[in-house]
Amino acid sequence: GSISREYVRTAIHRSLDRMRTDRLDLLQFHTWRYADPSYLDALFYLQELKEEGLIQHLGLTNVDTIHLNMILHSGIEIVSNQICFSLLDQRARTNGMLALCREHGVTVLAFGTLAGGFLTEKWLDKSEPSRDNLATWSQMKYSLFIDEAGGWEAFQRLLHVVHAVARRHNVSMANVAGRYILDQPAVGGVIIGVRPGLSEHIEDNQRIFQLTLDDVDKKDIADAITAL
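Below is a summary of the structure that appears in this document. (Residues numbered from 1 in each chain as written. Predicted model: local features only at pLDDT ≥ 70, side-chain atom pairs only at ≥ 80, totals over all residues. Heavy atoms only, no water.)

### Describing the overall build of the protein chain
A tally of regular secondary structure across the protein chain gives 10 helices and five strands. Buried positions account for 45% of the 228 residues belonging to the protein chain. Sequence-distant contacts, at least 24 apart, represent 72% of the contacts inside the protein chain between residues at least 6 apart. About 12,600 Å² of surface is accessible on the protein chain, with carbon and sulfur atoms providing 50% of the total. Charged side chains in the protein chain number 23 positive and 29 negative. The centres of these two groups are separated by 2 Å. (Helix = DSSP H or I, 4+ residues; strand = E, 2+ residues; numbered from the N terminus. Buried < 20%, exposed > 50% of the residue type's maximum accessible area, 1.4 Å probe, protein only. Contact = heavy atoms within 4.5 Å. Areas by Shrake-Rupley, 256 points an atom, 1.4 Å probe, with all protein chains shown as cover. Lys, Arg positive; Asp, Glu negative; His and termini not counted. Charge placed at Lys NZ, Arg CZ, Asp CG, Glu CD.)

### What about the pattern of salt bridges?
As enumerated under the stated definition, the model contains 10 salt bridges in all. Put simply, Asp217 and Arg168 hold a salt bridge, and the shortest N to O gap is 2.7 Å. Remark: Arg168 occurs in helix α7 (residues 152-169) and Asp217 occurs in helix α10 (residues 215-226); sequence separation between them is 49 residues. With a closest N to O distance of 3.2 Å, Arg207 and Asp204 form a salt bridge. Residue Arg207 is classed as partly exposed on the basis of its relative accessible area, which comes to 40%. (Salt bridge = Lys/Arg side-chain N within 4 Å of Asp/Glu carboxyl O.)

### Details of helix α1 (residues 5-19)
For α1, with 15 residues, the first-to-last C-alpha span of 21 Å sits near the 21 Å given by 1.5 Å per residue. Check the buried side of α1 and you find it contacts β1 (24-29), α2 (38-52) and β2 (55-61). (Expected span 1.5 Å × (residues − 1).)

### Side note on the pairing of strand β4 (residues 107-111)
Counting buried residues in β4 gives four out of five residues, a clear majority hidden from the surface. Bridge count between β4 and strand β5 (residues 187-191): four bridges; the pairing is parallel. Its bridge partner lying in β5, Val108 is registered against Val187. (Pairing = 2+ DSSP bridges.)

### Structural notes on the sheet that holds β2
A sheet is described by the order of its strands in space; here five strands give the open sequence β1-β2-β3-β4-β5, paired in parallel fashion. The sheet is open, and its two edges are formed by β1 and β5, each paired on a single side. Across the sheet, the mean angle from the axis of one strand to that of its neighbour is 25°, orientation sign disregarded. Strands β4 and β5 of the sheet are contacted by helix α8 (residues 173-182), whose axis makes an angle of about 155° with β5. (Axes fitted to C-alpha atoms, helices over the stretch in contact; angles between N-to-C directions.)

### Comments concerning the nonpolar core
One finds Ile12 and Leu87 to be the most contacted residues of the largest nonpolar core, which totals 70 residues. Dropping the residues within four chain positions of it, Leu87 is found in contact with Leu119, Leu158, Val162, Ala177, Tyr180, Ile181, Ile221, Ile225 and Leu228. (Core = buried A, V, L, I, M, F, W, Y, C linked by side-chain atoms within 4.5 Å.)

### Quick notes on helix α5 (residues 97-104)
Taken together, the buried positions of α5 are occupied by Met97, Leu98, Leu100 and Cys101. Along α5, the residues classed as buried sweep out an arc of 165° about the axis, all on the same side. With respect to the buried face of α5, the exposed residues turned more than 90 degrees away are Ala99, Arg102 and Glu103. Structurally, α5 contributes buried residues whose contacts are with α3 (65-72), β3 (78-84), α4 (91-94), β4 and β5. (Arc of directions from axis to C-beta.)

### A few points about the side chain of Ser38
Relative to the helices and strands, Ser38 resides in helix α2. Side-chain polar atoms of Ser38 contact the side chain of Asp36, separated by 3.0 Å. (Polar contact = N/O pair within 3.5 Å; in protein donor to acceptor, adjacent residues only side chain to side chain.)

### Concerning the side chain of His67
Along the polypeptide, His67 turns up in helix α3. At 2.8 Å, the side chain of His67 and the side chain of Asp64 are in polar contact. Setting aside residues up to four positions removed in sequence, His67 forms contacts with Tyr34 and Tyr39.

### Some words on the packing of aromatic side chains
All told, the structure shown has seven aromatic pairs when counted by the stated rule. For the pair Tyr142 and Phe145, a centre-to-centre distance of 5.1 Å together with 55° between the ring planes defines the contact as tilted. One end of the pair is Tyr142 and the other is Phe145, both in helix α6 (residues 137-149) and three residues apart, which spans about a single turn. Relative to Phe155, the ring of Trp152 has its centre 5.0 Å away and its plane inclined at 55°; by these criteria the two rings are tilted. Remark: Phe155 and Trp152 occur in helix α7; sequence separation between them is three residues, near one turn of the helix. Like Trp152, the residue Phe155 is buried in the burial classification. Members of the aromatic cluster, joined through ring pairs, are Phe118, Trp123, Trp152 and Phe155. (Phe/Tyr/Trp six-rings, centres within 6.5 Å; stacked < 30°, edge-to-face > 60°.)

The following block contains the structure:
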């Protein structure tokens with residue numbers, strides 16, 4: 001349905017009050033129905049609030065390449081797009097998202113980088129689990145990505161390549177999977193989820209900043225992705 005200027009302003013002031021601040025550093029906007037053009041109205045109103053100083057930066061979440069291009073050419077100043085991007089999910093590379101973001105100075109914030117934990121030692125050389133035995137909704141979702149990428153055997157071949165690179169650098173497979181995505185054009189950050197008290201891995205995740213993948217590492221991983 002329609003979205004009014006006042007509705008958007010009220011929503012932003014609610015956020016400002018809750019966060020006890022006079023400016024939102026980054027507001028990420030998400031829409032799921034492009035057929036309803038009211039999302040563009042909302043973005044234009046958010047742009048106005050940005051120009052007023054209530055918002056410092058405007059970002060997007062899960063907006064596809066075609067509609068990001070439309071939004072950018074509508075004069076809305078977008079700095080980031082948060083999207084799923086991993087060794088298993090290469091849509092951002094193949095559908096032109098990375099190229100578009102690089103052209104317009106938009107930063108990609110990548111989530112799903114470890115595919116719900118599948119891209120770690122825990123699943124190396126393990127039998128394919130049934131979806132009923134997976135621990136989280138996230139794992140159920142990313143198991144579908146594995147199916148789409150070629151199935152469990154192809155996934156295991158990818159894991160073995162990632163494991164070999166990790167052993168060369170004495171780091172975790174999660175470090176390699178994250179670093180490879182972080183090194184892609186336009187990617188400014190990877191978002192690695194935690195389960196407080198269960199699987200935080202904060203110290204290990206910090207090692208990604210000391211890891212440098214060389215050309216051999218990158219080629220091995222790229223070849224493994226292509227073979228999926």
